[in-house]
Amino acid sequence: MSDEASPPPPDGTPPPAPTQSSGSPSGFLKAVVGKRVVVRLVSGVDYRGVLQCLDGYMNIAMEQTEEYVNGVVTNRYGDAFIRGNNVLYISAGEPI
């Protein structure tokens, strides 16, 4: 096992710049504010809509929200507020 850094390319060009996303959870959450997301609750219910804001407790405010139970739309809401302790995960509903 070697701790040495890999040598630079033979032509001396610098390595490519890192991508815009840092890969951190907070970076992801900042990137998806204002975009379509899927929020899965611990109960298995999904909410799909536009993420408006969230706080440090993962309380979420969404717009144009649809509720999915077993993959079927059961309700449509203009605005939805989800308490953070019910959130299992948030995923991007569109490319970020």
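- If you check an unreviewed UniProt entry, the protein chain appears there as U6 snRNA-associated Sm-like protein LSm6 from Serendipita vermifera MAFF 305830.
- The record in UniProt for the protein chain states the following under Sequence similarities (unreviewed entry): "Belongs to the snRNP Sm proteins family. SmF/LSm6 subfamily."

## Digging into the overall build of the protein chain
- For the protein chain, the helix and strand inventory stands at one helix and five strands.
- Order of helices (α) and strands (β) in the protein chain, N terminus to C terminus: α-β-β-β-β-β.
- Across the 96 residues in the protein chain, those meeting the buried criterion constitute 25%.
- Contacts spanning at least 24 positions in sequence make up 39% of the contacts within the protein chain whose residues lie at least 6 apart.

## Comments concerning the packing of aromatic side chains
- Within the structure shown, the criterion is met by zero aromatic pairs.
- Between the NZ or CZ atom of R48 and the centre of the ring of Y68, over which it lies, the distance is 4.2 Å.

## Considering the nonpolar core
- By size, the foremost hydrophobic cluster in this structure holds 13 residues, and its most contacted members are V37, V39, Y47, I60, M62, I82 and I90.
- Ranked by the residues each element gives to this core, the list is headed by strand 1 (residues 36-41), at three residues.
- Sequence-distant contacts of V39, that is, excluding residues within four places in its chain, are made with V45, D46, Y47, I60, M62, I82, V87, Y89 and I90.

## With respect to unusual backbone geometry
- One non-glycine residue with positive phi stands out, namely M58, at about 70°.
- One non-glycine residue with positive phi stands out, namely Q64, at about 50°.
- For Q64, the position within the fold is in strand 3 (residues 60-69).
- The class of Q64 is exposed, set by a relative accessible area of 52%.

## A word on the sheet that holds strand 5 (residues 87-92)
- Pairing is antiparallel across the open sheet formed by five strands, whose spatial order is 4-3-2-1-5. Each of the sheet's edge strands pairs with one partner strand only, and the pair in question is strand 4 (72-82) and strand 5. Taken pair by pair, the neighbouring strands of this sheet meet at an average axis angle of 30°, ignoring direction.
- Pairing analysis gives nine bridges linking strand 3 to strand 4, with the strands arranged antiparallel. Looking at strand 4, one finds that T65 is bridged to Y77.

Conventions we followed
- Residues numbered from 1 in each chain as written.
- Predicted model: local features only at pLDDT ≥ 70, side-chain atom pairs only at ≥ 80, totals over all residues.
- Heavy atoms only, no water.
- UniProt positions renumbered as here; feature names shortened; annotations may be inferred.
- Helix = DSSP H or I, 4+ residues; strand = E, 2+ residues; numbered from the N terminus.
- Buried < 20%, exposed > 50% of the residue type's maximum accessible area, 1.4 Å probe, protein only.
- Contact = heavy atoms within 4.5 Å.
- Phe/Tyr/Trp six-rings, centres within 6.5 Å; stacked < 30°, edge-to-face > 60°.
- Lys NZ or Arg CZ within 6 Å of the ring centre and 35° of its normal.
- Core = buried A, V, L, I, M, F, W, Y, C linked by side-chain atoms within 4.5 Å.
- Pairing = 2+ DSSP bridges.
- Axes fitted to C-alpha atoms, helices over the stretch in contact; angles between N-to-C directions.

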